Amino acid sequence: MTKPLHLTDQIVLRVLAKYAERSEAGIEKYGTTLMRDDLNLTDWLNHLQEELMDATLYIEKLKSEVKQLEDALDYYEENKNL
């Protein structure tokens, strides 16, 4: 039997809400839940691989934005007394 949840951690609650929203969006888009049985193990692994590849692209994008912010901050620090 599953223990009832008594969550007070607001971060965990926000993540759970996002999971619920994502689930609803997936059901609306694909018309099914993850309990579907039309995919085999390789299909699921391919989906996972594609998602992880997307994640690495997002990371690279964010790293470039952080670099731009760091460069701007460095420029500001070097020139603030001019």
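Before reading on, note that the structure itself is shown above.
Residues numbered from 1 in each chain as written. Predicted model: local features only at pLDDT ≥ 70, side-chain atom pairs only at ≥ 80, totals over all residues. Heavy atoms only, no water.

Novice: Requested: an account of the layout of surface pockets, with residues and values cited.
Specialist: Counted as a void, the largest pocket has a volume near 740 Å³. Looking at the largest pocket, it is lined by 19 residues, and the ones nearest its centre are Arg22, Gly26, Tyr30, Leu34 and Glu51. Those elements that place two or more of their residues in the lining of the largest pocket are helix 1 (10-30) and helix 2 (41-79). Sorting elements by how many residues they give to the lining of the largest pocket places helix 1 first, with eight residues. Tallied by class, residues from the lining of the largest pocket come to eight nonpolar, five polar and six charged. (1 Å grid on protein atoms, 1.4 Å probe; cavity = no way out; pocket = protein on both sides within 12 Å on 5 of 7 lines; lining within 4 Å. Points joined across faces, edges and corners; volume = space filled by probe spheres on them. Helix = DSSP H or I, 4+ residues; strand = E, 2+ residues; numbered from the N terminus. Nonpolar A, V, L, I, M, F, W, Y, C, P; charged D, E, K, R; others polar.)

Novice: Help me get a handle on the pattern of salt bridges, residues and values and all.
Specialist: With the rule as written, the count across this model stands at five salt bridges. Between Asp38 and Arg36 there is a salt bridge, with the nearest N and O atoms lying 2.8 Å from each other. Take Arg36: its relative accessible area is 27%, and that puts it in the partly exposed class. The shortest N-O distance in the salt bridge between Lys61 and Glu65 comes to 3.0 Å. Here Lys61 and its partner Glu65 are both found in helix 2, four residues apart, which amounts to about one turn of the helix. (Salt bridge = Lys/Arg side-chain N within 4 Å of Asp/Glu carboxyl O. Buried < 20%, exposed > 50% of the residue type's maximum accessible area, 1.4 Å probe, protein only.)

That is the geometry; function is a separate question.
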